[in-house]
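Tertiary structure, described
Okay, here's what each chain looks like letter by letter:
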There are 2 protein chains.
Amino acid sequence: MPELTKARLSLNTATVNQWSLKECIEGCARYCVPALDPWRDKLHELGVDTAVKMIKDNGLQVSALCRGGMFTGPGEAERQAALDDNRTAVDEAVATGANCLVLVVGGLPQGSKDIGDARSQVRDGIGELLDHARACNMPLAIEPLHPMFAADRACVNTLSHANDLCDELGDGVGIAVDAYHVWWDPDLEKEIARAKGRILGFHVCDWLVPTKDLLLDRGMMGDGVIDLPAMRQMVEDAGYNGLIEVEIFSADNWWKQDGDELMETVIERFESVI
Amino acid sequence: MPELTKARLSLNTATVNQWSLKECIEGCARYCVPALDPWRDKLHELGVDTAVKMIKDNGLQVSALCRGGMFTGPGEAERQAALDDNRTAVDEAVATGANCLVLVVGGLPQGSKDIGDARSQVRDGIGELLDHARACNMPLAIEPLHPMFAADRACVNTLSHANDLCDELGDGVGIAVDAYHVWWDPDLEKEIARAKGRILGFHVCDWLVPTKDLLLDRGMMGDGVIDLPAMRQMVEDAGYNGLIEVEIFSADNWWKQDGDELMETVIERFESVI
C-alpha cells in the first residue's frame, strides 16, 4: 500500500467543532489540507454563496456535503418535508462542488417499532430523491451507521444492506464507508469488495475502549481498536483511491482542545496510522 | 400467538441487581415466577451448594447459568485459564440443573486490533470446551452481543455468525437470542428461522431512545422501540416455546427501585407487552 500523505486528507468539519466553517476553510488552507466536508448547519451559518467563494478562493476540494437523509417520518407530510429538504441539500452539494451528498437515512419514525417499514421508507425516499440527484449529476452516498443508531439515526446498519439498496436503486447512488460504523462486521471484506465501483467516500476515526457515549466519544486514529490500514487496503482493493475523511465527534476530549493543535494531531495520525 | 403468562418467565438475576441470589430465589417463589438465571458472581457469593439446595427447595427451574465465555486472550496462558474457568462454569451449570450455559464469547485481546483472530480464538475455545460440555450433557448457548460490544465483550455480533459457528462446531452448542442485541438486524427473521432446533434461550428487555450508556441503560419491556411480540413470533415459529428470560441492566433506573416493585413491573410487562 502506498504511504498516506495529507494530499488525500479531507477534514470533516464536525471534527473541529470548535471552529466555524470559515475557520475550517482557513485552517485547511493554512495546513495544506486539500479538502473538507462541511456540515450543512455550518454552511448555512456562513451562507452558501460566501462559503462557495471562500472554498474556491482557497483552492479546496469538497469531498462530500454532510448531510441529506432522514427520510423516515410518521406521516406523508413529514416525509415530503424531508424530501424537499433533501432536494435543497442536493442543490447545496452542487453549489459547493461536492463529490457527493452523504445520506444518514433516518431511524424509526416517532412512535413506531416497525423497522421493516422504516427501511421501506428509506428505500422509497432515496428512490424519489434520485430523480433530482441524477438530473444534477450529484451522487448520493448511503452511509450505513453503526447498529447502535438503528432507532434514532439510521436504519441502514450494514454494508450488505447498503449494497442491496444500491443494487435495487441503480445509477446515481453509492456508499460512504465509515470505519467507525462498520469495523465490527464479519462480512466487512466481502461487502467492501462487493461495493467496488460505488464507494463514494471513506471516513476514519477510531473506536475507543471504553466508549463512554454512543454519539460523541469517537477516538483519534490510533487511539482505539480499529485496524485502519487493513480497512484502507480493502477500500483501495475495491478501487477507491480518493480522499479520506477524518470525522471525529468527541465532546469531552478533542472538541475541548485548541483547534490548531487538533489539526496538527489529525494530520500526524492520518499520515502515520492509517 | 398464545397469551404469555408468567409460567414462562425466568428472572435473570442481573435484572434485580439490588437483590442477592438468596433474595432473588425467595422473590421468585413469592411471586410465583417459576425460573431464574443466576449470574456466577452471585452464585459464588451464596455458595453453590446452598444455592442448589435453595433452588430445589423452592421448586425453581434454572433457564441458564450466566455465564461462560471470554475465550479470547493475548496469550496461551490466558486462554487456558479461561478454558479452565469455563469447565468450572459447565460443572456449576450441571450442579444448578441449568438448561444451558450462556456464553459471552469475549472481545479483542488486550492490545489486539485483529478481530478475525479473536473470532478464531472464540471458535477454537468453544470447540475445546465442547468436549467437557458434551460429556456433561450441558448445552452451550452462544449469545451474539450487540456490535457495540465487539471490542470489549463479544466479537460474535450477529445471529448469522452464531449460526455459522453452530454449523461448524456441531452438537452441543446452540444460541441464546437476546432481543436487545439483535433487534436491529436486517436478517433477523431469516437467521432466527435458520436457528430452528438450536435456540436455547430467548432474552427480553427493550432498547431505549435515547440510550444513555452502552452497558447499563437497558429498558423495561414496552418502554423502548423493540417489537417484542414480532420477535417472540419468530422464535416460536422456529420451535422455541421454552422459558423467556427478562434481563435488564439499568444502573440509573430499575436498579435504584425497590426490588419488589420491580418484580411486579417485570411480571406485569412480561404478560402485557411481549
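My aim in this report is to walk through the structure given alongside it, one point at a time. Quick caveat: nothing in here was measured; it's all calculated off a predicted structure. (Residues numbered from 1 in each chain as written. Chains lettered and ligands numbered in written order. Predicted model: local features only at pLDDT ≥ 70, side-chain atom pairs only at ≥ 80, totals over all residues. Heavy atoms only, no water.)

**What about the side chain of Asp217(A)?**
Residues and elements named next belong to chain A. What counts here: Elements are defined by DSSP. Helices are runs of H or I of four residues or more, strands are runs of E of two residues or more, and each kind is numbered from the N terminus. Each residue is placed in one exposure class: buried if its accessible area under a 1.4 Å probe, protein chains only, is under 20% of its type's maximum, exposed if it is over 50%, and partly exposed if it falls in between. We treat Lys and Arg as the positive residues and Asp and Glu as the negative residues; His and chain ends play no part in the count. Salt bridges, as used here, are contacts in which a Lys or Arg side-chain nitrogen is within 4 Å of a carboxyl oxygen on Asp or Glu. Contacts described as polar in this section are N or O atom pairs within 3.5 Å, which, within protein, must combine one atom able to donate a hydrogen with one able to accept it, while residues neighboring in sequence count only if both atoms come from side chains. Should any heavy atoms of two residues lie within 4.5 Å, those residues are counted as being in contact.
Topologically, Asp217 is positioned in the loop between strand S8 (199-204) and helix H9 (228-237). Within the buried core, Asp217 has no salt-bridge partner, and the shortest N-O distance to an opposite charge, that of Lys212, equals 5.8 Å. At a separation of 2.6 Å, a polar atom in the side chain of Asp217 contacts the main-chain amide nitrogen of Lys212. Sequence-distant contacts of Asp217, defined by excluding residues within four places in its chain, comprise Tyr180, Leu208, Pro210, Thr211, Lys212 and Phe249.

**Re the relation of the copies chain A and chain B**
So the rule is basically this: Least-squares superposition aligns the copies on the C-alpha atoms of those residues with pLDDT at or above 70 in both.
Once turned by 180 degrees and shifted 0.0 Å along the axis, chain A lies on chain B with an RMSD of 0.0 Å. Here the transformation between the copies is reduced to the relation of a two-fold axis. The overlap is high: 100% of the interface residues of chain A also sit at the interface in chain B, so the same surface is used on both sides.

**Considering the sheet that holds strand S5 (residues 101-104) of chain A**
In a beta sheet, neighbouring strands are held together by backbone hydrogen bonds and run either parallel or antiparallel to one another. All names here are of chain A. Which entries qualify depends on this criterion: Whether two strands pair comes down to DSSP finding at least two bridges between them. Axes, fitted as lines to C-alpha atoms, cover a helix only where it is in contact. Angles between the N-to-C directions of the axes lie from 0 to 180 degrees.
Taken together, the nine strands give an open sheet; going across it, the order is S3-S2-S1-S9-S8-S7-S6-S5-S4, and neighbouring strands pair in parallel fashion. Since the sheet does not close on itself, it has two edges, and those belong to strand S3 (61-62) and strand S4 (65-69), each with one partner. Both S5 and strand S6 (residues 140-142) contribute to a ladder of three bridges, which runs parallel. Residue Val102 lies in a different strand from S6, and its bridge partner there is Ala141. Sheet strands in contact with helix H1 (residues 21-30) are strand S1 (9-12) and strand S2 (35-37), and its direction is about 155 degrees off that of S2. In the packing of H9 onto the sheet, contacts are made with strand S7 (173-178), S8 and strand S9 (244-246), and the angle to S8 comes to roughly 175 degrees.

**Looking at the interface of chain A and chain B**
As a reminder, the rule being used: The quantity reported as buried area is the accessible area (1.4 Å probe) lost by two parts once they are put together, taken as the sum for both.
With 28 residues of chain A at the contact, the number on the chain B side is 28 residues. Carbon and sulfur atoms supply 69% of the area that chain A and chain B bury against each other, a total of about 2200 Å² over both sides. On the chain A side of the contact with chain B, Lys113(A), Trp184(A) and Leu214(A) bury the most area, a combined 26% of that side's loss. Inspection of the region where chain A meets chain B yields zero salt bridges.

**Observations concerning the nonpolar core**
Which entries qualify depends on this criterion: Remark: nonpolar core denotes a set of buried residues (Ala, Val, Leu, Ile, Met, Phe, Trp, Tyr, Cys) joined through side-chain atoms within 4.5 Å.
Ile126(A), Trp183(A), Ile126(B) and Trp183(B) are the most contacted members of the largest nonpolar core, which has 184 residues in total. Ile126(B) has contacts with Phe71(B), Leu103(B), Val105(B), Leu140(B), Ile142(B), Leu169(B) and Val173(B), leaving out every residue within four places of it along the chain.

**As for the pattern of salt bridges**
Here the idea is simple: oppositely charged side chains can pair when their charged atoms come close. Counted by the stated rule, this structure contains 42 salt bridges over all chains. Its salt-bridge partner being Asp260(A), residue Arg30(A) comes within 2.9 Å of it at the nearest N-O pair. Note that Arg30(A) is positioned in helix H1 and Asp260(A) in helix H10 (residues 259-273), a separation of 230 residues in sequence. With its nearest N and O atoms 2.9 Å apart, the salt bridge here joins Arg269(B) to Asp223(B). Of this pair, Arg269(B) sits in helix H10 (residues 259-273) while Asp223(B) is found in the loop between strand S8 (199-204) and helix H9 (228-237), placing the two residues 46 residues apart along the sequence.

**Let's talk about unusual backbone geometry**
For the bond running from Val209(A) to Pro210(A), omega is -5 degrees, close enough to zero to count as cis. Within the fold, Pro210(A) resides in the loop between S8 and H9. For Met70(B), which is not glycine, the phi torsion reads 50 degrees and is therefore positive. Position of Met70(B) among the secondary structure elements: in the loop between strand S4 (65-69) and helix H4 (76-96). Here Met70(B) falls in the partly exposed class, since its relative accessible area comes to 29%.

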